[in-house]
Amino acid sequence: MPTMDFILSLDQGTTSSRAILFDRDGHVVATAQREFRQSFPQPGWVEHDATEIWQTQLGVMQDVLARQGVGASQVAAIGVTNQRETTVLWDRRTGEPVAPAIVWQDRRTAGVCAALRAKGKAGWIQEKTGLLPDAYFSATKLAWLLDQVPGARARAARGELAFGTVDSWLVWKLTGGRVHATDASNASRTLLFNLQTLRWDPALLRLFDIPASVLPQVVPSSGVLGETEPALLGAPVPIAGLAGDQQAALFGQACFAPGMAKNTYGTGCFMLMNTGESPVASRHQLLTTVAWQGPAGAPHRTAYALEGSVFMAGATVQWLRDGLQIIQAADEVGPLAASVADTGDVYLVPAFAGLGTPDWDGHARGTLVGMTRGTTRAHIARAALEAIALQTADVFGAMAKDSGIELKELRVDGGASRSDLLMQMQADFLGVPVVRPRVTETTALGAACLAGLATGFWGGADEITARWATDRRFEPSLPDSERSRRLARWRQAVERSRGWVEH
């Protein structure tokens with residue numbers, strides 16, 4: 001019998017599907033990646049083809065094993081991590097989506113959320129879910145689909161339709177429709193999950209007019225929940241880890257102690273801080289969320305986190321490439337930005353999908369201010385990188401206030417964390433060290449660790465902590481007075497972006 005020497009991590013992101021094979025030392029053995037189409041059918045709308053998500057994810061998992069000559073019998077388990085909040089509705093009988101998936105960035109239900117706030121529901125919703133009523137989350141997206149897809153409400157009432165975020169969709173397809181499940185970390189991003197009871201909340205289901213029959217079962221983030229269809233990989237493989245991408249990254253960064261924080265630089269930017277066994281209510285418009293549930297050997301059965309969300313990080317660079325076309329490839333932005341000493345007092349507020357933490361303004365839009373005849377594309381490129389770091393600094397400040405903890409450092413990961421220029425900007429605007437680990441694939445690693453702990457592939461959280469190692473530490477170099485001035489100037493620019501869309 002071949003030995004089970006690998007964990008396969010499926011990292012389903014906003015713009016691409018990836019599969020990463022990890023060995024027993026937590027090292028990346030092989031990676032495969034495929035991009036898929038982004039659809040923008042109307043201003044503020046963002047959609048994906050859920051079938052294409054599945055096909056690209058299946059393709060890369062098959063590719064990565066074939067490339068290494070690894071058989072399914074050598075894979076101890078699969079861990080799944082995913083873009084969160086993106087909403088899929090499908091036919092239970094055929095396994096086919098009934099409409100395009102509505103992506104987390106989509107703003108079509110911003111008006112519904114504004115109406116809930118106007119009715120005074122925001123505090124009640126936040127008390128139950130830890131979230132704010134915003135189009136970012138899944139509940140209003142699902143309600144929209146049920147209302148707008150012909151016959152969907154009647155079919156849902158008859159039990160014919162299934163809802164899920166992307167994790168649930170992948171698990172359904174991986175298991176041939178035998179398992180309809182999500183984990184607590186993903187469930188806590190729907191506006192339908194009660195943080196205290198850790199169950200779907202009947203009062204929230206009534207508020208959003210969601211029938212319970214469409215909902216997945218909530219399972220632990222670490223635990224065997226099913227097996228893959230044998231035909232997919234040649235043999236059945238246990239699915240043993242499930243977590244939203246940002247919670248998976250927190251786990252992969254070994255942020256197991258309360259007060260430890262990480263920031264992931266992907267399409268968006270997401271900072272999470274472990275708050276331990278109890279949810280912490282935010283006073284500064286942060287989100288309270290489940291970090292993970294159930295890993296054997298982890299410090300807590302259920303761990304909670306505070307989260308700040310920046311909607312446009314790597315997507316800002318994509319806009320420079322695809323929208324403005326001032327760069328041909330994303331990796332050109334660093335050298336272009338470094339070709340000027342500063343932005344010339346130019347600020348880019350990338351509120352293309354509204355503003356996240358701490359403003360939560362779905363009616364804000366992208367703004368470029370401070371330009372003169374001397375402004376060049378290099379200044380705009382540098383302003384774009386600074387915008388990523390400045391948005392993160394806003395989140396960092398809110399997190400310190402909410403937690404009452406003075407954050408001593410920030411662990412970073414994600415594609416843009418490889419930019420030394422951006423990481424130095426980040427340390428300068430935060431005023432604390434920024435620490436980049438040797439393994440920056442921490443989202444995929446977190447999913448692998450959750451699966452590995454569930455199956456005994458790894459012994460416990462101490463083993464994960466022992467393997468975490470620093471690649472580089474960025475120390476702040478900006479004087480405090482200049483940092484304060486720049487942050488204040490940034491907030492002036494943010495205010496100019498707010499409330500642009502007419503209500």
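Just so it is clear, the model here is predicted, and its values are computed rather than measured.

Rules and cut-offs
- Residues numbered from 1 in each chain as written.
- Predicted model: local features only at pLDDT ≥ 70, side-chain atom pairs only at ≥ 80, totals over all residues.
- Heavy atoms only, no water.
- Axes fitted to C-alpha atoms, helices over the stretch in contact; angles between N-to-C directions.
- Helix = DSSP H or I, 4+ residues; strand = E, 2+ residues; numbered from the N terminus.
- Parallel < 35°, antiparallel > 145°, perpendicular 65-115°, else oblique.
- Contact = heavy atoms within 4.5 Å.
- Polar contact = N/O pair within 3.5 Å; in protein donor to acceptor, adjacent residues only side chain to side chain.
- Phe/Tyr/Trp six-rings, centres within 6.5 Å; stacked < 30°, edge-to-face > 60°.
- Buried < 20%, exposed > 50% of the residue type's maximum accessible area, 1.4 Å probe, protein only.
- Lys NZ or Arg CZ within 6 Å of the ring centre and 35° of its normal.
- Core = buried A, V, L, I, M, F, W, Y, C linked by side-chain atoms within 4.5 Å.
- Pairing = 2+ DSSP bridges.
- 1 Å grid on protein atoms, 1.4 Å probe; cavity = no way out; pocket = protein on both sides within 12 Å on 5 of 7 lines; lining within 4 Å.
- Points joined across faces, edges and corners; volume = space filled by probe spheres on them.
- Nonpolar A, V, L, I, M, F, W, Y, C, P; charged D, E, K, R; others polar.
- Salt bridge = Lys/Arg side-chain N within 4 Å of Asp/Glu carboxyl O.

A look at the packing of helix α10 (residues 245–252) against helix α15 (residues 442–454)
Part 1 of the reasoning: Following both chains from N to C, one finds α10 and α15 inclined at 75 degrees, their axes separated by 7 Å at the closest point. Put simply, α10 runs roughly perpendicular to α15. Residue-level contacts link Asp245, Ala248, Ala249, Phe251 and Gly252 of α10 to Thr442, Thr443, Leu445, Gly446, Ala447, Cys449, Leu450 and Leu453 of α15.

Looking at the side chain of Ser222
Part 1 of the reasoning: Its place among the elements puts Ser222 in strand β13 (residues 222–227).
Part 2 of the reasoning: Of note is the side chain of Ser222, whose polar atom sits 2.6 Å from the backbone oxygen of Leu450.

Overview of the packing of aromatic side chains
Aromatic ring pairs are defined here through the distance separating the ring centres and the angle between the ring planes.
Part 1 of the reasoning: Taken as a whole and judged by the stated rule, the model has 17 aromatic pairs.
Part 2 of the reasoning: Between Phe256 and Trp292 the ring centres are 6.0 Å apart and the planes differ by 85 degrees, which places this aromatic pair in the edge-to-face class. Of this pair, Phe256 sits in the loop between α10 and β15 (261–265) while Trp292 sits in strand β17 (residues 287–293), placing them 36 residues apart in sequence. When sorted by exposure, Phe256 lands in the same class as Trp292, which is buried.
Part 3 of the reasoning: Through a chain of ring-to-ring contacts, three or more aromatic side chains come together here, namely Trp104, Tyr136, Phe137, Phe270, Phe311 and Trp360.
Part 4 of the reasoning: Its end group placed over the ring of Trp45, Arg108 keeps NZ or CZ at 3.7 Å from the ring centre.
Part 5 of the reasoning: Across the ring face of Trp468, the terminal group of Arg411 is positioned such that the distance to the ring centre comes to 3.6 Å.

Comments concerning the nonpolar core
Part 1 of the reasoning: Of all hydrophobic cores here, the largest spans 74 residues; its most connected members are Ile7, Tyr136, Leu192, Phe208, Ile210, Leu215 and Phe251.
Part 2 of the reasoning: The biggest single contributor to this core is α15, with seven residues.
Part 3 of the reasoning: Apart from the residues within four sequence positions on either side, Ile210 is in contact with Ala139, Leu142, Ala143, Leu146, Leu192, Leu205 and Leu215.

Some remarks on the sheet that holds β15
Part 1 of the reasoning: Across the sheet, seven strands lie side by side as β17-β18-β16-β15-β21-β22-β23; this open sheet has mixed pairing. Here the strands that pair on one side only, and so sit at the sheet edges, are β17 and β23 (470–474). Each adjacent strand pair in this sheet contributes to an overall mean axis angle of 30 degrees, direction not counted.
Part 2 of the reasoning: Relative to β23, strand β22 (residues 434–437) is paired through four bridges, and the arrangement is antiparallel. Counterpart to Pro437 in the pairing with β23 is Thr470.

Points about the layout of surface pockets
Part 1 of the reasoning: In this model, the second largest pocket occupies a volume close to 200 Å³.
Part 2 of the reasoning: Lining the second largest pocket are 15 residues, with Val439, Leu445, Arg467, Trp468 and Ala469 positioned closest to its centre.
Part 3 of the reasoning: If you list the elements that add at least two residues to the lining of the second largest pocket, you get α15 and α16 (461–467).
Part 4 of the reasoning: Sort the elements by how many residues they give to the lining of the second largest pocket and α15 lands first, with three residues.
Part 5 of the reasoning: Of the residues assigned to the lining of the second largest pocket, the class counts are eight nonpolar, four polar and three charged.

Focus: the pattern of salt bridges
Part 1 of the reasoning: Per the stated rule, a full pass over the model turns up 41 salt bridges.
Part 2 of the reasoning: Between Glu229 and Arg178 there is a salt bridge whose closest N-O contact spans 2.3 Å. Residue Glu229 is found in the loop between β13 and α9 (230–233), and its partner Arg178 is found in the loop between α6 (166–174) and β9 (181–183); the two are separated by 51 residues along the sequence.
Part 3 of the reasoning: The exposure class of Glu229 is partly exposed, given its relative accessible area of 29%.
Part 4 of the reasoning: Within this structure, Asp359, Asp361, Asp394, Arg491, Glu495 and Arg498 form a network of salt bridges that share partners.

Re the sheet that holds strand β1 (residues 6–12)
Part 1 of the reasoning: Across the sheet, six strands lie side by side as β3-β2-β1-β5-β14-β13; this open sheet has mixed pairing. Unpaired on one side and paired on the other, β3 (28–35) and β13 mark the two borders of the sheet. In this sheet, adjacent strand axes meet at a mean angle of 25 degrees when their direction is disregarded.
Part 2 of the reasoning: Two strands pair when backbone bridges link them, and β1 and strand β5 (residues 75–82) are joined in this way by seven bridges, in the parallel orientation. By the bridge assignment for β5, Ile7 is matched with Ala77.
Part 3 of the reasoning: Seen against the sheet, helix α1 (residues 50–68) touches β1, β2 (16–22), β3 and β5 and runs at an angle of roughly 150 degrees to β3.
Part 4 of the reasoning: Across the face of the sheet, α10 comes into contact with β5 and β14 (238–244) while running at roughly 105 degrees to β14.

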